[in-house]
2 protein chains.
Amino acid sequence: MIDLDILKSLILKNDKKIVLVVIDGIGGLPLDIDGKTELETAAKPFLDELASRSICGLTEAISPGITPGSGPAHLALFGYDPIKYQIGRGVLEALGIGLMLTPQDLSARANFATMNEENIITDRRAGRIPTEKNQQLCSLLQEKISKIDDCEIIIRHGKEHRFVVIFRGEGLSDELTDTDPQKEGKKASLAEALNPKAEKAARLINEFVRRANEILSPHSPANTILLRGLAKCPQIPSLGELYGLRPAAIATYPMYKGLARLVGMKILESCETIEDEFLTLQKNFAKYDFFYLHIKKTDSFGEDGNFAEKVNVIIQVDSQIPILTKLKPDVIVVTSDHSTPALLKGHSWHPNPFVLCSPTCRPDDVREFSESACLKGGLGRFPAVEAMPLMLAHALKLAKLGA
Amino acid sequence: MIDLDILKSLILKNDKKIVLVVIDGIGGLPLDIDGKTELETAAKPFLDELASRSICGLTEAISPGITPGSGPAHLALFGYDPIKYQIGRGVLEALGIGLMLTPQDLSARANFATMNEENIITDRRAGRIPTEKNQQLCSLLQEKISKIDDCEIIIRHGKEHRFVVIFRGEGLSDELTDTDPQKEGKKASLAEALNPKAEKAARLINEFVRRANEILSPHSPANTILLRGLAKCPQIPSLGELYGLRPAAIATYPMYKGLARLVGMKILESCETIEDEFLTLQKNFAKYDFFYLHIKKTDSFGEDGNFAEKVNVIIQVDSQIPILTKLKPDVIVVTSDHSTPALLKGHSWHPNPFVLCSPTCRPDDVREFSESACLKGGLGRFPAVEAMPLMLAHALKLAKLGA
């Protein structure tokens, strides 16, 4: 991959527009050896037509065999080395429930849990208390602990036993250990600083847990909390800074909005349906020069192992493609962050079909948007982190290197 | 390639089984421009059938154009960066004659040689003395020099003029120069420490050579010895440590057993024939979860320039494939460490056909196990060092990276 500083030094500003459509987890597997993948099964005339005017390939999010989470897989697509720019679990969880993070914030994934009279953790998930109970307890904690010393405490409920705590203040390092002992039958740990810079954060967290335990003591089974994945936002240069882009994101799930915000995209409000997302693109097309449009449900149905519904989502996306092509962006990319084969009910390492349509692309023989067809495309198999330089190049936003 | 520490952090233990069959030097070249390679010539219905259920590709052992020795080519297949983990010649020679090495051992390739009365080396190979003579002289040296100071000396004959010396003791560094002047008409060199840590080793080696010269003086033409390739075993984390595997090796030649031992494989005793090797796999299949099965003769006949016999070995291997597939491993890989075209009578840089068969693989259009067919496979051309992450992924032994 090209170094980001070199790439930045080549940037040419122009008015050309790029649309990156990420159909989450679209890549799949056949259910049986002679079968077809989800994408090969779906009737998708518009995507196929797009592929026939495009240069195609398959991307590796990280490297062969490595299954990426959504965080690294998206960062790679946005042009960032996904190993260098790792996003801690606490930050992803906070982004996932829609919290806006500042560079001061230390985020933690938190669980309500149960401890017995000897302070032994007997259930790390507090019997998976209902979300309503979680919400009440988070309100209670937030009301009683809004500040410790000079640090603001922000608490947001998630689902069942899960919530997020943000510690907002000066000088909080994330180089410290979890309080979650990871196993039942043990006491909760104290957060420990892994270097002297993190001592303030460790004291703060241990004091927070102490107070929370007092408040929660009558609320068994949720009579304690466990914190893990303590992390600060990585310092990621924005897409504006790096590439001179005015980028905007259209996504329905908080985590993807959060990831987009992390790299400096403007979040465009959209309703929930795929149709709404494409209408939002249409409405805002004049105002930005880079659009990231994220479709979630292919991944969700893949995770559920629901092959047929994943196929249906692909068909729905296909029906919206004419809205996109009529806008005549200078570069259209349709791809995914990772595969989510219904067969495996989860993310997988299989590479992602990728089509890039632009008047400046050198077309290939691919006439279909599918894993097997893209394999034969002009881009071959390539690291996802190279997608951004390719999009910029096809939009004539990169000067030549050297004379 | 993914960093080994990251890979290690993703390991999930399960009972799934991986079999890696290395048909040494299988890749070849046509003897004339319109001809077929050895692999394309051989009738191999079972390998072709396997390929048709697999994802296929071609591996580069190191990088395009680079011809690997067996050491780096195998380390790459086992997942180790072959440039970072280089194995010194002395160590490979020792492994090659079946010596077990400890982390204390400093190994040297040694030659019997001839020097004249002015101590000038007149023949670096002592007229290629017969192996029997070599054996006698090694016994003599071993008997007279079993120890120097606190270091044990282990001497083993090889073929003709070649033998191996192991210096076993505390504090022996391999950062020192050879005693072999590389050219005739010069005196033998003294071993020189390249840094102070190696001074003990240099003294020891020079004393060894001095004593050997005294003992050998009546045995012209083998009246002196030359040492080169002084090396210690690289500290390679084992496959067990890295990937949580219980690995076993089936190989007939000592060097491959040695390489397998170096990465922590259990060596399964097998007789010499290809049939025996597959029977050994069958017998031990329940006991391990990773098998490396090495076939030597494709390489040997390639080195001899014997196209027809190399083809015959491929046919023999093919006939054993049903034994392998009936065991139903979760992942089967059939590939090679490097190519050995009969046309070139030696290792070559041409990439290696690779097939990976697993219920979790995304199949491609390849219907044949050959260089030209694999070129069109779903894995394309890729570095051999990525084979291990791919095997682990398909055996569902890798968690996702990031959330």
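So, a few notes on the structure that sits alongside this text. Within each chain, residue numbers correspond to sequence positions counted from 1 in written order. Naming scheme: in the order in which they are written, chains are lettered from A and ligands are numbered from 1. Where local features are concerned, this predicted model is filtered to residues with pLDDT of at least 70; where side-chain atom pairs are given and counted, the filter is 80 or more; whole-chain, interface and lining totals use all residues. Where side-chain values are given, they derive from all heavy atoms of the structure, hydrogens and water being excluded.

1. Considerations on the relation of the copies chain A and chain B
Phase 1: When the copies are superposed, the least-squares fit draws on C-alpha atoms of residues that have pLDDT of at least 70 in both. Rotating chain A by 121° about the axis while translating it 0.0 Å along that axis superimposes it on chain B, leaving an RMSD of 0.2 Å. Here the symmetry operator amounts to a three-fold rotation axis.
Phase 2: In what follows, residue pairs with any heavy atoms lying within 4.5 Å of each other are defined as contacts. Little of the interface of chain A is mirrored in chain B: 3% of its interface residues are interface residues there too.

2. Description of the environment of Glu 40 of chain A
Residue and element names in this part refer to chain A.
Phase 1: For the purposes of this entry, the term helix denotes a DSSP run of H or I that reaches at least four residues, the term strand denotes a run of E that reaches at least two, and both are numbered from the N terminus. Checked against the element boundaries, Glu 40 lands in helix H2 (residues 38-41).
Phase 2: Separated by 329 residues in sequence, Glu 40 and Phe 369 place their C-alpha atoms 8.0 Å apart.
Phase 3: Here a polar contact means two N or O atoms within 3.5 Å. Within protein one must be a hydrogen donor candidate and the other an acceptor candidate, and residues neighboring in sequence count only if both atoms are side-chain atoms. There is a polar contact of 2.8 Å between the side chain of Glu 40 and the side chain of Ser 372.

3. Focus: the packing of helix H10 (residues 274-284) of chain A against helix H12 (residues 307-326) of chain A
Residue and element names in this part refer to chain A.
Phase 1: Interaxial distance between H10 and H12 falls to 9 Å at its minimum, and their mutual angle equals 20°. Classified by the interaxial angle, the pair formed by H10 and H12 is roughly parallel. Like other packed secondary-structure pairs, H10 and H12 cross with a definite hand, here right-handed. Counted together, Ile 274, Glu 275, Phe 278, Leu 281 and Gln 282 of H10 and Val 313, Gln 316, Val 317, Gln 320, Ile 321, Ile 323 and Leu 324 of H12 form the full contact between these two elements.
Phase 2: Residue polarity is assigned by list, with Asp, Glu, Lys and Arg as charged and Ala, Val, Leu, Ile, Met, Phe, Trp, Tyr, Cys and Pro as nonpolar; anything else, Gly included, falls into the polar class. Tallied by class, the residues present in the contact of H10 with H12 amount to 8 nonpolar, 3 polar and 1 charged. Interaxial angle, 0 to 180 degrees, is taken between N-to-C directions of lines fitted to C-alpha atoms, where a helix line uses only the stretch in contact. Roughly parallel refers to an angle under 35 degrees, roughly antiparallel to one over 145, roughly perpendicular to one between 65 and 115, and oblique to any angle outside these ranges. In this scheme the crossing of two helices becomes right-handed for a clockwise turn of the near helix relative to the far one and left-handed for an anticlockwise turn of less than a right angle.

4. Considering the packing of aromatic side chains
In this description, a pair of aromatic rings is defined by centroid distance and the angle of the planes.
Residues and elements named next belong to chain A.
Phase 1: What counts as a ring pair is set by centres within 6.5 Å for rings of Phe, Tyr and Trp (its six-membered ring), and what kind of pair is set by the plane angle: stacked under 30 degrees, edge-to-face over 60, tilted for all other angles. Summed over all chains, the structure comprises 14 aromatic pairs over all chains.
Phase 2: Ring geometry for Phe 167 and Phe 208: centres 5.4 Å apart, planes at 90°, overall edge-to-face. Residue Phe 167 is located in strand E7 (residues 162-168), and its partner Phe 208 is located in helix H7 (residues 199-216); the two are separated by 41 residues in the primary sequence. Accessibility classification places Phe 167 together with Phe 208 in one group, the buried group.
Phase 3: Just above the ring of Phe 285 sits the side chain of Lys 17; from NZ or CZ to the centre is 5.2 Å. The rule is simple: take the accessible area with a 1.4 Å probe, protein chains only, and divide by the maximum for that residue type; under 20% is buried, over 50% is exposed, in between is partly exposed. Two limits define a charge over a ring: the Lys NZ or Arg CZ must be within 6 Å of the ring centre, and within 35 degrees of the ring normal.

5. With respect to empty space enclosed by the protein
Phase 1: Using protein atoms alone on a 1 Å grid, points that fit a 1.4 Å probe yet trap it form a cavity, whereas open point sets bounded by protein on both sides within 12 Å along at least five of seven lines form a pocket; residues with an atom within 4 Å of a point count as lining. Grid points are joined across faces, edges and corners, and a volume is the space filled by probe spheres set on the points. Applying the stated criterion to the full structure yields 7 cavities of 30 Å³ or more.
Phase 2: Here the largest cavity defines a volume of roughly 60 Å³.
Phase 3: Along the walls of the largest cavity sit Glu 60, Pro 64, Gly 65, Trp 349, His 350, Pro 351 and Arg 381 of chain A together with Ile 55, Leu 379, Leu 390 and His 394 of chain B, which together make up its complete lining.
Phase 4: When its residues are assigned to classes, the lining of the largest cavity shows 6 nonpolar, 3 polar and 2 charged.

6. A short note on the pattern of salt bridges
Should their charged atoms come close, side chains of opposite charge can pair.
Residue and element names in this part refer to chain B.
Phase 1: Every case where a carboxyl oxygen of Asp or Glu lies within 4 Å of a side-chain nitrogen of Lys or Arg is listed as a salt bridge. In the structure shown here, the tally under the stated rule is 38 salt bridges over all chains.
Phase 2: Among the ionic pairs, Lys 44 bridges to Glu 368, the shortest N-O distance being 4.0 Å. Of this pair, Lys 44 sits in the loop between helix H2 (38-41) and helix H3 (45-52) while Glu 368 is found in the loop between strand E13 (352-357) and helix H13 (371-374), placing the two residues 324 residues apart along the sequence.
Phase 3: Judged by its relative accessible area of 3%, Lys 44 falls in the buried class.
Phase 4: Taking the relative accessible area as the measure of exposure, Glu 368 reaches 29% and is therefore partly exposed.
Phase 5: Salt-bridge contacts for Asp 180 lead to Arg 124; the nearest nitrogen and oxygen are separated by 2.8 Å. Here Arg 124 lies in the loop between strand E4 (121-123) and helix H6 (131-144) and Asp 180 lies in the loop between strand E7 (162-168) and helix H7 (199-216), a separation of 56 residues in the sequence. Grouping residues by exposure puts Asp 180 and Arg 124 together as buried.

Read these as spatial facts, not as claims about activity.
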